[in-house]
Amino acid sequence: MNIKRYGVDAPFALLIYTVFGVGLLLHAYVNRLNYPIGIEMTLGIILLLGALIFLHTTAQGKYRLFDEAMHRLNLKPDSQVLDLGCGRGALLTRIAQRLGPAGKVTGLDLWLSRDQSHNKMAVTQKNVEDLGLANRVDLVTGDMAKLDFPNASFDVVTSSFAIHNIKNEQARINAVKEAIRVLKPGGHLMIIDTGRDINEYGQVFQDAGLQITQSMSLGFNGWWATPLTDSYVVAGNKPTSDTAK
């Protein structure tokens, strides 16, 4: 159900692990009588095991992480929330389900299928409507590094497995700064991500005066194929007096 509704993260990466793993094992089998095949078989098994771990994370693991994260967001029925890089709405819809009639979650994305399979606003909108959440969700197209929202617009800002897709380091830093800018004084920012140094985001939090409440690796449920591509969370609260830079 998770994959059917919310798709596969980085589908080309999963395809590469699978194709190369199967290819190495087939090549080793065909040439098993001609030369030693131990290295090929080992690499093939490692790649296929990585594909299985990746599949676990995209199909089940990350949803367990989201469920755990929901307990730390301290959402109120009337909270105004921004979900950056919302994709097909896995975290977005969880947030919307916790809000009351006066609450709203805005999902922002560039809707790129290389980041998530069939990533389109229309697909996300259907997911929202199927769950009966249309009155609590707004979807917009936008760049995380250049948000078109006024200062101090949201009580909570979240981003899950999205900011790392920005390849330029300064643009990633700008995305975190923008998230802080649109956060209300006393508001909460939570970033769940992979692929970059956890300290990169944490430093931006500290420079902006946020009180870091969470900074940790997320373990097996956040492994994207190997422990070397694990996931982490960085979260913090903006000062009640707006001193963010």
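Refer to the structure printed above.
To start, this report covers the structure provided alongside it. (Residues numbered from 1 in each chain as written. Predicted model: local features only at pLDDT ≥ 70, side-chain atom pairs only at ≥ 80, totals over all residues. Heavy atoms only, no water.)

**Thoughts on a nonpolar patch on the surface**
Spelled out, the test is: Without a salt bridge and with relative accessible area above 30%, a residue can belong to a patch; like charges are then joined within 9 Å and nonpolar side chains (Val, Leu, Ile, Met, Phe, Trp, Tyr) within 5 Å. Using a 1.4 Å probe, the Shrake-Rupley method yields the accessible areas, and only the shown protein chains count as cover for residues. Salt-bridge detection follows one rule: a side-chain nitrogen of Lys or Arg within 4 Å of a carboxyl oxygen of Asp or Glu. Strands here mean DSSP runs of E at least two residues long; helices mean DSSP runs of H or I at least four residues long; both are numbered from the N terminus.
Taken together, Phe12, Leu15, Ile16, Val19 and Phe20 make up a surface patch of nonpolar side chains, about 530 Å² in accessible area. Within the secondary structure, Ile16 sits in helix H2 (residues 11-30).

**Focus on H2**
Just so we agree on the cut-off: Multiply 1.5 Å by the residue count of a helix minus one, and that product is the helix's expected span. Think of it in three bands: residues with accessible area under 20% of the maximum for their type are buried, residues over 50% are exposed, and the middle band is partly exposed, with areas taken using a 1.4 Å probe on protein chains only. This arc corresponds to the set of directions leading from the helix axis out to the C-beta atoms. What makes two residues a contact is simply this: any of their non-hydrogen atoms within 4.5 Å.
Relative to the 28 Å expected for 20 residues at 1.5 Å per residue, H2 spans 28 Å between its end C-alpha atoms, a close match to the ideal helical length. Of the positions making up H2, those classed as buried are Leu14, Gly21 and Ala28. An end-on view of H2 places all buried positions within 85 degrees of arc, on one side of the element. Among the exposed residues of H2, those pointing more than 90 degrees away from its buried face are Phe12, Phe20, Leu26 and Val30. Tucked into the core, H2 has its buried residues touching helix H3 (38-70).

**A look at helix H7 (residues 198-207)**
Within the span of H7, buried status applies to Glu200, Tyr201, Gly202, Val204 and Phe205. Along its buried surface, H7 packs onto helix H6 (169-181), strand E5 (183-194), strand E6 (211-217) and strand E7 (231-237). Positive phi shows up at Gly209, right after H7, with a value of about 85 degrees.

**Some thoughts on the nonpolar core**
Keep this limit in mind: Only buried residues count toward a nonpolar core, which is a set of Ala, Val, Leu, Ile, Met, Phe, Trp, Tyr and Cys residues joined through side-chain atoms within 4.5 Å.
Among the nonpolar cores identified, the biggest contains 35 residues, and Ile95, Val105, Val137 and Ile192 are the most heavily contacted of them. The set of elements that each furnish at least two residues to this core consists of H3, helix H4 (90-98), strand E3 (137-141), E5 and E7. Ranked by residues supplied to this core, first place goes to H3 with seven residues. Excluding anything up to four places from it in sequence, Ile95 contacts Met70, Leu73, Leu75, Val81, Val105 and Thr158.

**As for the environment of Gly202**
Its location among the elements puts Gly202 in helix H7. Spatially, the C-alpha atom of Gly202 lies 10 Å from that of Ile173, the residues being 29 residues apart in sequence. Once residues lying within four places of it in the same chain are set aside, the contact partners of Gly202 are Ile212 and Val234.

**Brief notes about the sheet that holds strand E2 (residues 104-109)**
Applicable threshold: Only strands joined by at least two bridges in the DSSP assignment are considered to pair. In this analysis an axis means a line fitted to C-alpha atoms, helices contributing only their contacting stretch, and an angle means the value between N-to-C directions, from 0 to 180 degrees.
Judged by pairing direction, the sheet is mixed, and its seven strands sit side by side in the order E3-E2-E1-E4-E5-E7-E6 without closing on themselves. A single partner strand is all that each edge strand has here, and the edge strands are E3 and E6. Taking the axes of each pair of neighbouring strands and ignoring which way they run, one obtains an average angle of 15 degrees across the sheet. Bridge count for E6 against E7 is six bridges, and the pairing is antiparallel. From the neighbouring strand, Ile212 faces E7, where its bridge partner is Gly236. Taken strand by strand, H6 contacts strand E1 (80-84), strand E4 (154-160) and E5, and its axis lies near 150 degrees from that of E5. Against the sheet, H7 touches E5, E6 and E7, its axis set at about 5 degrees to E7.

**Remarks on the environment of Leu47**
Along the chain, Leu47 falls in helix H3. Here Leu47 falls in the partly exposed class, since its relative accessible area comes to 22%. Setting aside residues no more than four positions away along its own chain, Leu47 makes contact with Tyr17, Phe20, Gly21 and Leu24.

**Brief notes about the packing of H3 against H4**
Quick note on the threshold: We call a crossing left-handed when the near helix sits turned anticlockwise from the far one by less than a right angle, and right-handed when that turn is clockwise. Think of it as three bins: nonpolar holds Ala, Val, Leu, Ile, Met, Phe, Trp, Tyr, Cys and Pro, charged holds Asp, Glu, Lys and Arg, and polar takes everything else, Gly as well.
Two numbers describe how H3 lies on H4: the axes approach to 10 Å, and their chain directions differ by 35 degrees. H4 is crossed by H3, and the crossing has right-handed handedness. For the pair H3 and H4, contact is made by Tyr63, Phe66, Asp67 and Met70 and by Ala90, Leu91, Arg94, Ile95 and Arg98, respectively. Residue classes in the contact of H3 with H4 are distributed as six nonpolar, no polar and three charged.

**With respect to the pairing of E5**
Burial of E5 is extensive: nine of the 12 residues sit out of reach of the surface. Here E4 runs beside E5; their pairing, made up of six bridges, is parallel. The residue bridging Ser159 from the neighbouring strand is Ile191, located in E5. Inspection of the sheet shows E5 paired to E7 by seven bridges, in the antiparallel sense. Bridge pairing links Met190 to Ala235 in E7.

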